[in-house]
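# Summary of structural features
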There are 2 protein chains.
Amino acid sequence: MVIPPEMFSLPPGSEATLQQQIQQVVSEAIVSGRCVSGEKLPSSRKLADHLGVARITVTLAYTELVANDYLTSRGRSGYFVSETAPLRPTFEEVRTPREDGVDWAAKLRPTPRMREQIFRPPNWREFKYPFIYGQSDSTLFDHRNWRACALRAVGRRDFDMLATDHYQRDDPMLIEYILRHILPRRGIRANPDEILITMGSQNALWLTAEALLGQGQKAVIENPSYPGLHEVLAPINCKIEAIDVDAEGLPPSQIPSDADVVFATPSHHCPTNVTMPLGRRKEMLDLARQNDFVIVEDDYEFEVSLLKSPSPALKSLDQAGSVIYVGSFSKSLFPGLRLGYVVAAPPLIEELRRLRRVILRHPPGHMQRTAAYFLSLGHFDAQIARMSRAYARRRTVMEDSIRKYGLTPASNARHGGSSFWMQAPEGIDTRQLARNLQKQSVLIEPGSAFFPETPDHSHFRMAYSSLSANRIEDGIALIAEAIEKVAA
Amino acid sequence: MVIPPEMFSLPPGSEATLQQQIQQVVSEAIVSGRCVSGEKLPSSRKLADHLGVARITVTLAYTELVANDYLTSRGRSGYFVSETAPLRPTFEEVRTPREDGVDWAAKLRPTPRMREQIFRPPNWREFKYPFIYGQSDSTLFDHRNWRACALRAVGRRDFDMLATDHYQRDDPMLIEYILRHILPRRGIRANPDEILITMGSQNALWLTAEALLGQGQKAVIENPSYPGLHEVLAPINCKIEAIDVDAEGLPPSQIPSDADVVFATPSHHCPTNVTMPLGRRKEMLDLARQNDFVIVEDDYEFEVSLLKSPSPALKSLDQAGSVIYVGSFSKSLFPGLRLGYVVAAPPLIEELRRLRRVILRHPPGHMQRTAAYFLSLGHFDAQIARMSRAYARRRTVMEDSIRKYGLTPASNARHGGSSFWMQAPEGIDTRQLARNLQKQSVLIEPGSAFFPETPDHSHFRMAYSSLSANRIEDGIALIAEAIEKVAA
């Protein structure tokens with residue numbers, strides 16, 4: 001590789017000679033690791049042109065650098081960074097201590113108290129029993145066809161279309177598939193002006209909250225609920241009320257009359273997985289009209305309805321347009337894709353599109369088009385079917401093992417979901433339990449991050465989306481053992 | 001394609017018979033266009049299982065639908081949507097008028113006055129002389145190698161790594177390339193904890209403003225300046241002061257002493273393309289320390305420095321860490337990529353990463369990795385060289401034509417840039433000029449969107465990044481003609 005001349009510029013205001021300055025910037029680039037051994041220096045002519053100095057000055061500087069073993073000369077081929085050039089030990093240590101620096105703590109806007117994150121080490125793949133939630137299982141994903149679709153999406157014709165700035169428009173192919181094939185399965189009919197593609201459901205929740213909640217307004221959330229939602233709401237200057245869920249999810253009768261926006265997960269409550277029955281859904285919709293609030297329905301994993309057919313979305317019953325529906329491909333495809341969508345009334349979609357443009361313009365066209373091909377060529381349906389079969393097998397093993405080792409589920413999930421919400425015996429702090437288990441290559445998720453207000457350390461979540469069926473029993477045995485050890 | 005049974009669900013609370021209900025939902029799906037002719041219905045067994053009804057009920061409903069010409073039966077192959085099934089005229093007309101709907105105008109947070117957008121019709125490709133800015137020229141882009149890199153990035157090994165949720169981490173391969181090869185050309189040295197990948201520079205500006213500006217604080221911007229920045233600042237409850245630029249860009253002496261954040265484009269001022277000389281840069285950095293403000297340096301197109309070597313970034317002179325550097329691949333690769341980066345002190349980067357997580361989690365790993373391959377395999381350098389050669393040719397034709405037809409540049413851009421900032425003769429409203437020219441297949445950008453405060457309709461921008469050299473003269477002749485016509 002040839003180092004471009006632009007890599008070098010002379011220090012302004014230096015009192016050294018030009019030749020010295022050149023030696024200095026080249027040697028510094030080598031020492032700091034920006035140029036590495038074997039790389040070719042720009043020709044003396046090119047560097048001289050670039051720096052605006054005589055060519056001989058560069059040649060003399062190079063000659064000196066050869067003498068100092070920074071460079072080697074290979075005759076007519078030019079100058080190269082020497083194999084034995086001096087080097088600082090690692091790239092990390094480049095930093096020069098700065099004086100009189102900026103006081104960033106004073107500069108940054110006061111941010112809300114750091115929310116507790118779900119416990120999930122980045123190296124979770126190295127664990128033998130990762131009962132963690134929300135990551136895709138690469139053994140179940142149809143990688144071959146995804147790759148074919150990605151390749152198709154970077155074909156010449158698509159590329160030209162997708163490479164330009166889309167301003168505010170989404171990929172019409174993806175929009176059409178969602179409208180025609182995905183939403184109808186949830187009982188939802190919508191038009192192109194009622195949907196917006198987002199960077200996953202996190203982005204959808206953020207945009208919605210930003211558009212609808214301001215000072216003095218009230219957001220109602222479930223207790224417990226999704227920690228990503230707590231993070232979205234915390235910096236907004238609004239009132240937040242968390243309502244305890246029961247065995248049928250959020251009780252609508254508890255929604256305060258001054259609610260402005262209610263965030264709910266009726267299909268699979270997060271994290272307990274309970275499904276809200278039809279009666280409550282209707283009650284909630286009636287209340288929404290009566291008390292003039294809107295409902296954000298986060299339908300984050302309807303595809304994983306293993307035990308029964310999925311109940312239609314709350315949005316499907318919504319005649320008045322009170323429901324803002326949030327969907328995601330993170331669970332059905334993979335989370336790194338960062339694609340989700342919002343379905344809502346056109347005026348809200350228009351505002352969300354405007355907000356999206358200000359913060360990021362639009363989700364990359366190639367990701368949208370790749371997903372559109374994968375969906376429309378039928379790979380998505382096959383994918384969901386394959387995942388459902390595997391998850392159903394794992395769920396059976398989970399249930400059997402939970403029974404066998406005497407663990408206690410904290411809810412009754414009639415429609416499945418890819419995890420179990422568990423109750424630890426009294427006196428056990430699940431944060432400590434998780435830390436103990438980590439040493440035995442077992443990962444569980446302590447439940448505390450899901451509680452927005454009063455800390456609760458007695459619950460934990462066990463997911464099976466990243467764990468093959470044959471590891472489940474051993475993992476659960478270890479969890480039971482760890483619980484006994486602490487309880488003893 | 002087989003229609004999945006999940007497409008259908010029975011209407012809750014219906015008083016019709018089950019058979020009637022099934023007929024109703026199927027026929028409605030056909031009429032609404034969700035199921036189209038030729039698609040295969042689920043088998044009676046599968047649909048019966050899904051709906052929890054007897055198989056004979058489904059069979060009877062299907063038979064009735066055949067009689068009504070919604071379906072055709074192909075014997076043992078099953079039931080298909082009929083070729084002659086009734087259909088509403090277009091997909092767009094699905095909407096059922098809703099009663100008692102939500103009053104969205106009252107629900108939405110008051111948003112700042114809609115900012116004027118840069119005039120740029122979405123169908124700009126269909127124009128013969130599109131002097132528009134910021135879109136990539138597909139004839140200059142190395143599509144073949146980009147495709148090869150994209151393919152590599154969805155290979156099995158990379159895929160598994162990239163498909164998972166990255167939480168807060170960026171692609172280390174991309175980070176390393178930027179640190180080792182791109183920033184050094186701008187004279188900047190940085191460590192991995194001093195950089196964050198963003199969804200283009202728009203996202204970088206938004207994150208930075210959000211982290212640093214709050215009530216009562218003062219943002220200083222250039223006048224004129226980038227409209228995307230106005231959009232970012234408008235909803236933030238801070239003071240905004242716009243300072244007139246002159247032939248050397250922003251005059252530091254005019255920066256008020258109570259400035260908190262100064263947004264500047266020293267390398268190529270947007271939109272005039274003038275370059276701030278070294279003296280002013282030093283003065284600005286000294287002032288930043290003296291008056292304790294920070295500077296956001298938007299280095300949005302340093303690659304297009306055609307006339308001279310690019311001057312080093314302001315950030316390269318920054319000893320105190322006052323400068324927050326924003327870079328982008330939108331101009332050097334393509335805008336639909338949505339990749340940019342921020343380089344700043346570690347505490348700020350940490351906060352930006354936290355904010356990014358809340359609003360969108362992270363930019364998709366596959367886009368990051370594709371770019372990383374394209375950069376590190378040397379295609380990026382070749383790309384920039386090719387673009388620079390083509391732009392230099394076009395610039396010469398632009399300059400000659402501007403002279404020949406007597407148009408008036410409004411600034412002296414010593415380092416190039418991919419556009420010209422123009423002054424219209426007195427009395428000409430460039431918005432009207434742009435509308436007139438549009439009818440002749442010429443697109444120019446009226447300058448008014450760049451002025452955050454007092455309207456100015458006497459400037460316009462002409463870019464040449466989406467227009468081949470042989471069209472430039474004719475386009476400029478038409479612009480000159482249109483100006484004369486109005487002036488006459």
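Thresholds, definitions, all that
By convention here, each chain's residues receive numbers from 1 onward along its written sequence. To label them, take the chains in the order written and letter them from A, then take the ligands in the order written and number them from 1. Where totals are concerned, whole chains, interfaces and linings use all residues; where local detail is concerned, this predicted model gives features only for residues with pLDDT of at least 70, and gives and counts side-chain atom pairs only at 80 or more. Note that the side-chain values use all heavy atoms of the structure and ignore hydrogens as well as water. UniProt positions are given in the numbering used here, feature names are shortened, and annotations may be inferred rather than shown by experiment. Helix and strand assignments follow DSSP, with helices taken as H or I runs no shorter than four residues and strands as E runs no shorter than two, numbered in order from the N terminus. Only heavy atoms enter the contact rule, under which two residues are in contact if any of them lie within 4.5 Å. Areas reported as accessible are Shrake-Rupley estimates using a 1.4 Å probe. Residue values count occlusion only from the protein chains shown. Charged residues are defined narrowly, with Lys and Arg counted positive, Asp and Glu counted negative, and His plus the chain ends left uncounted. Taken as the charge centre is NZ of Lys, CZ of Arg, CG of Asp or CD of Glu, depending on the residue. Reported buried area values correspond to the accessible surface (1.4 Å probe) lost by two parts on association, with both partners' losses combined. Salt bridges are defined by distance alone: a side-chain nitrogen of Lys or Arg within 4 Å of a carboxyl oxygen of Asp or Glu. For two strands to be treated as a pair, DSSP must find at least two bridges joining them. Every axis in this analysis is a line fitted to C-alpha atoms, fitted for helices over the stretch in contact. Angles between the N-to-C directions lie between 0 and 180 degrees. Where each domain begins and ends follows an automated or database-derived domain assignment. Nonpolar residues are Ala, Val, Leu, Ile, Met, Phe, Trp, Tyr, Cys and Pro. Charged residues are Asp, Glu, Lys and Arg, and all others, Gly as well, are polar. Under the convention used throughout, the expected extent of a helix is 1.5 Å for every residue step, that is, one less than its residue count. Buried residues are those whose accessible area, probed at 1.4 Å on protein chains only, stays under 20% of the maximum for their type, while exposed residues exceed 50% and partly exposed ones sit between those limits. Regarding the arc, it is the one traced by the directions from the helix axis to the C-beta atoms. Superposing the copies works by least squares over the C-alpha atoms of residues that have pLDDT at least 70 in both of them. Orientation categories follow fixed angle ranges, with anything under 35 degrees roughly parallel, anything over 145 roughly antiparallel, 65 to 115 roughly perpendicular, and all other angles oblique. Left-handed describes a crossing whose near helix is turned anticlockwise from the far helix by less than a right angle; the clockwise case is right-handed. In summary, the pairing rule links any two rings of Phe, Tyr or Trp, Trp by its six-membered ring, whose centres are within 6.5 Å, and it sorts them by plane angle into stacked for under 30 degrees, edge-to-face for over 60 and tilted for everything else. Ring-over charges, as used throughout, are those where CZ of Arg or NZ of Lys falls within 6 Å of the ring centre and within 35 degrees of the ring normal. A 3.5 Å cut-off defines polar contacts: any pair of N or O atoms within that distance qualifies, except that in protein one atom must be a possible hydrogen donor and the other a possible acceptor, and neighbouring residues in sequence count only when both atoms are side-chain atoms.

The name that an unreviewed UniProt entry assigns to chain A is Transcriptional regulator, with the source organism given as Actibacterium pelagium. In its Sequence similarities (unreviewed entry) section, UniProt records this for chain A: "In the C-terminal section; belongs to the class-I pyridoxal-phosphate-dependent aminotransferase family."

Now for the overall build of chain A. Secondary structure assignment for chain A yields 15 helices and 15 strands. Overall, chain A is about 85 × 60 × 50 Å in size when its C-alpha atoms are taken along their principal axes. Relative to all contacts within chain A whose residues are 6 or more apart in sequence, the contacts with residues 24 or more apart total 74%. Split by element, the accessible area of chain A, about 18800 Å² in all, is 49% carbon and sulfur. Mean positive and mean negative side-chain charge positions of chain A (57 and 57 charges, respectively) differ by 6 Å.

Taken together, the contact pairs 117 residues of chain B with 116 residues of chain A. Overall, the association of chain B and chain A removes approximately 10700 Å² of surface from exposure, summing both partners, and the carbon and sulfur fraction of that is 56%. At the junction of chain B with chain A, the criterion picks out eight salt bridges. Among the elements that line the side of chain B that touches chain A, the one with the most residues is helix α11 (residues 346–360) of chain B, at nine residues.

Residue and element names in this part refer to chain A. Overall, mixed pairing links the seven strands, which are arranged β4-β10-β9-β8-β7-β5-β6 in an open sheet. Of all the strands in the sheet, the pair left with one neighbour each is β4 (195–198) and β6 (239–244). Between one strand axis and the next, the sheet turns by 20° as a mean value, whatever way the strands run. Note: strand β5 (residues 218–223) against β6, six bridges, orientation parallel. Note that in β6 the partner of Ala219 across the bridge is Ile240. Each of β4 and β10 (340–343) is contacted by helix α7 (residues 172–182), which is oriented at about 115° to β4, the strand it contacts most.

Residue and element names in this part refer to chain A. One can read the domain layout of chain A as domain 1 (5–94), domain 2 (124–138 + 387–487) and domain 3 (143–380). The contact between domain 2 and domain 3 buries some 2400 Å² in all, and 58% of this surface belongs to carbon and sulfur atoms. Together, Arg414, His415 and Phe450 form the three largest contributors to the area buried by domain 2 at its contact with domain 3, with a combined 30%. On the surface where domain 2 and domain 3 come into contact, there are zero salt bridges. Here the element with the most residues in the side of domain 2 that touches domain 3 is helix α13 (residues 379–404); it accounts for five residues. Grouping the amino acids of the side of domain 2 that touches domain 3 by side-chain chemistry returns twelve nonpolar, eleven polar and four charged.

Time to look at helix α3 (residues 55–67) of chain A. All names here are of chain A. Compared with an ideal rise of 1.5 Å per residue, which puts 13 residues at 18 Å, α3 spans 19 Å between its outermost C-alpha atoms and is within 8% of the ideal. Turning to α3, its buried residues number three or more, namely Thr57, Val58, Ala61, Tyr62 and Leu65. Down the axis, α3 shows its buried residues gathered within 135° of arc, on one side only. Seen from the open side of α3, the exposed residues pointing more than 90 degrees away from its buried face are Ile56 and Ala67. Note on α3: the residue one or two positions beyond its end, Asp69, has a positive phi of about 65°.

With respect to the helices, strands and loops of the structure, Arg356(A) is situated in helix α11 (residues 346–360). Ignoring anything within four residues of it in the chain, the contact list for Arg356(A) reads Gln168(A), Arg169(A), Asp170(A), Leu196(A), Ile197(A), Leu207(A), Arg361(A), His362(A) and Pro363(A).

Quick look at the side chain of Ser82(A) now. All names here are of chain A. If you trace the backbone, Ser82 turns up in the loop between β2 (79–81) and α4 (104–107). Residue classification places Ser82 among the buried positions, given a relative accessible area of 1%. What Ser82 contacts, discounting residues up to four positions off in sequence, is Ser37, Asp69, Tyr70, Leu71 and Thr72.

Under the feature "domain: HTH gntR-type" (unreviewed entry), the UniProt entry names residues 16–84 of chain A. The distance from the first to the last C-alpha atom of residues 16–84 of chain A is 26 Å, and the span holds 51% helix and 9% strand.

A few words now on the sheet that holds strand β12 (residues 419–423) of chain B. Residues and elements named next belong to chain B. Strands sit in the order β11-β12-β15-β14 across an open sheet of four strands; the sheet is antiparallel. Looking at which strands have only one partner, the edges of the open sheet turn out to be β11 (408–409) and β14 (445–446). Here helix α13 (residues 379–404) sits on the sheet and contacts β11, β12 and β15 (459–463); the angle it forms with β12, its principal contact strand, is near 15°.

Time to look at the relation of the copies chain B and chain A. At an RMSD of 0.1 Å, chain B and chain A line up after a rotation of 180° and a shift of 0.1 Å along the axis. Here the copies are linked by what is in effect a two-fold axis. Across chain B, the rotation axis passes nearest the C-alpha of Leu151(B), at a separation of 3.0 Å. Taken together, the interface assignments show that 98% of the residues at the interface of chain B recur at the interface of chain A, consistent with an identical surface on both copies.

Within the structure shown, the criterion is met by 48 salt bridges over all chains. Glu231(B) serves as the salt-bridge partner of Arg361(A), at 3.7 Å between the closest nitrogen and oxygen. With Arg361(A) in the loop between α11 and α12 (365–376) and Glu231(B) in helix α9 (residues 227–233), this pair bridges two chains. Here Arg361(A) matches Glu231(B) in class, with each residue buried. With a closest N to O distance of 2.7 Å, Arg280(B) and Asp246(B) form a salt bridge. Of this pair, Arg280(B) sits in helix α10 (residues 278–291) while Asp246(B) sits in the loop between β6 (239–244) and β7 (261–264), placing them 34 residues apart in sequence. The buried category is assigned to Arg280(B), whose relative accessible area is 13%. The network of salt bridges with common partners includes Glu39(A), Glu176(B) and Arg180(B).

Look at α12(A): 16 Å from first C-alpha to last across twelve residues, which is about the 16 Å you get at 1.5 Å a residue. Counting buried positions along α12(A) yields eleven of twelve residues, so the element is predominantly enclosed. Within the sequence span of α12(A), burial applies to Gly365(A), His366(A), Met367(A), Gln368(A), Arg369(A), Thr370(A), Ala371(A), Ala372(A), Tyr373(A), Phe374(A) and Leu375(A). Summarising the contacts, the buried residues of α12(A) are in contact with α5 (143–153), α6 (156–163), α7, β4 and α13 of chain A together with α12 (365–376) of chain B. Once α12(A) finishes, Gly378(A) follows within two positions and takes phi at roughly 90°, a positive value.

Turning our eyes to something else, we now look at the packing of helix α2 (residues 44–51) of chain B against helix α3 (residues 55–67) of chain B. For any two helices packed against each other, the geometry comes down to the angle between their axes and how far apart the axes lie. All names here are of chain B. The contact between α2 and α3 brings their axes to 8 Å, and the two run at 120°. Looking at the two axes, α2 sits oblique to α3. The interaxial crossing formed by α2 with α3 has right-handed handedness. Between α2 and α3, the contacting residues are Ser44, Arg45, Leu47 and Ala48 on the first element and Arg55, Val58, Thr59 and Tyr62 on the second. Split into classes, the residues belonging to the contact of α2 with α3 amount to four nonpolar, two polar and two charged.

To continue, consider the packing of aromatic side chains. Applying the stated rule across the entire model yields 31 aromatic pairs over all chains. Between Phe420(A) and Tyr464(A) the ring centres are 6.0 Å apart and the planes differ by 50°, which places this aromatic pair in the tilted class. Residue Phe420(A) is located in strand β12 (residues 419–423), and its partner Tyr464(A) is located in the loop between β15 (459–463) and α15 (469–487); the two are separated by 44 residues in the primary sequence. Both residues of the pair, Phe420(A) and Tyr464(A), count as buried. Between Trp421(B) and Phe451(B), the ring centres sit 6.2 Å apart and the planes meet at 35°, which makes this aromatic pair tilted. In this pair, Trp421(B) sits in strand β12 while Phe451(B) sits in the loop between β14 and β15, placing the two residues 30 residues apart along the sequence. Put simply, the rings of Phe141(A), Trp146(A), Phe334(A), Phe374(A) and Phe159(B) touch in pairs and so form one group of aromatic residues. Taking NZ or CZ as reference, Arg369(A) lies 5.9 Å from the ring centre of Tyr373(A), over its face.

Note on placement: Asp381(B) falls in helix α13. For the pair formed by Asp381(B) and Glu426(B), sequence separation is 45 residues and the distance between their alpha carbons is 43 Å. Excluding anything up to four places from it in sequence, Asp381(B) contacts Met1(A), Tyr177(B) and Arg185(B). There is a polar contact of 2.8 Å between the side chain of Asp381(B) and the side chain of Arg185(B).

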